[in-house]
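Survey of secondary and tertiary structure
As a plain string of letters, each chain reads:
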Amino acid sequence: MSQSLSANNDNHLHVIEALYAGHHGWLYATLKKKLGNAMDAADLAQDTFTRILASQVTTIEQPRAYLSCVAKGILINWYQRKALERAYLEALAHLPAQEVPSPEVRWMVLETLHEIDAMLDSLAPPVRRAFLLSQIGGLKYDDIAEQLNVSLITVKRYMKQAFVQCLMLVNEC
């Protein structure tokens, strides 16, 4: 059994090594053209190969299509992260100088915001909408039910799902 696992791992490493050797330059150039920034392109190309390495994939039929698909997901996350950072920094720009947090606190807040954003993305759209209407919009469950055109019990179920996700996020920290 362990020989089989070892053989699978060796095969996986050979696949990744060949993929990297044959297509890293192409992926980097594609990302650099899209982003207009060599450092970000290098980081995202590295993240793409890291994610593929962690996937334990042993066969890749169409390497560039596969790389494009994985890189696209990473790029979408990267754009979302940058948009969140811009919004936070813009909000900070409106604070009086004495209220602007230190760089360490800003980093911690940004990391927390990214974790919350990822948690919200993991929720089904109606669950996420109900949660945001409640927590940010301040709506009562009855009002959320009316706005979403669902029953009150469904809103309660949605909220339970969202709070369970929040608790799981807190417990990971």
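Residues numbered from 1 in each chain as written. Predicted model: local features only at pLDDT ≥ 70, side-chain atom pairs only at ≥ 80, totals over all residues. Heavy atoms only, no water.

Inclusion rule: UniProt positions are given in the numbering used here, feature names are shortened, and annotations may be inferred rather than shown by experiment.
An unreviewed UniProt entry lists the protein chain under the name Sigma-70 family RNA polymerase sigma factor, from Pseudomonas citrulli. Taken verbatim from the UniProt record of the protein chain, the Sequence similarities (unreviewed entry) comment is "Belongs to the sigma-70 factor family. ECF subfamily."

**Some remarks on the UniProt feature "domain: RNA polymerase sigma-70 region" (unreviewed entry) in the protein chain**
Here is the rule we go by: Only runs of H or I of at least four residues qualify as helices and only runs of E of at least two qualify as strands under DSSP, and these elements are numbered from the N terminus.
UniProt feature "domain: RNA polymerase sigma-70 region" (unreviewed entry): in the numbering of this structure it lies at residues 19-83. Between the end C-alpha atoms of residues 19-83 the distance is 31 Å, and the span holds 86% helix and 0% strand.

**Concerning unusual backbone geometry**
Glycine aside, residues mostly have negative phi angles, and peptide bonds mostly take the trans form. So the rule is basically this: A 1.4 Å probe rolled over the protein chains alone gives each residue an accessible area, and that area as a share of the maximum for its type sets the label: buried under 20%, exposed over 50%, partly exposed in between.
Positive phi outside glycine occurs at Asn149, with the angle close to 60°. The topology assignment puts Asn149 in the loop between helix H6 (141-148) and helix H7 (152-172). In this structure Asn149 comes out as exposed when scored by relative accessible area, which is 71%.

**With respect to the packing of helix H3 (residues 63-93) against helix H4 (residues 103-122)**
Going by this rule: For helices, the axis comes from a line fit to the C-alpha atoms of the stretch in contact; other axes are also lines fit to C-alpha atoms, and the angle between any two N-to-C directions lies between 0 and 180 degrees. We call two directions roughly parallel when the angle between them is under 35 degrees, roughly antiparallel when it is over 145, roughly perpendicular when it lies between 65 and 115, and oblique otherwise. Each crossing gets its handedness from the near helix: less than a right angle anticlockwise from the far helix is left-handed, clockwise is right-handed. Note on contacts: a residue pair qualifies if any of its non-hydrogen atoms lie within 4.5 Å across the two residues. Residue polarity is assigned by list, with Asp, Glu, Lys and Arg as charged and Ala, Val, Leu, Ile, Met, Phe, Trp, Tyr, Cys and Pro as nonpolar; anything else, Gly included, falls into the polar class.
Direction vectors running N to C along H3 and H4 enclose 130°, while the axes themselves pass 10 Å from each other. Regarding the angle of H3 to H4, the classification is oblique. Crossing angle aside, the handedness with which H3 passes H4 is right-handed. Of H4, the residues touching H3 (which contributes Gln80, Arg81, Leu84, Glu85, Tyr88 and Leu92) are Arg106, Val109, Leu110, Glu111, Leu113, His114, Asp117 and Asp121. A per-class count over the contact of H3 with H4 returns 6 nonpolar, 2 polar and 6 charged.

**Quick word on helix H5 (residues 125-135)**
Counted only if it meets this: The directions considered for the arc run from the helix axis to the C-beta atoms.
Three or more residues of H5 are buried, namely Val127, Ala130, Phe131, Leu133 and Ser134. Looking straight down H5, one finds that the buried residues subtend no more than 165° of arc, so they occupy a single side. On the buried face of H5, the contacting elements are H4, H6 and H7.

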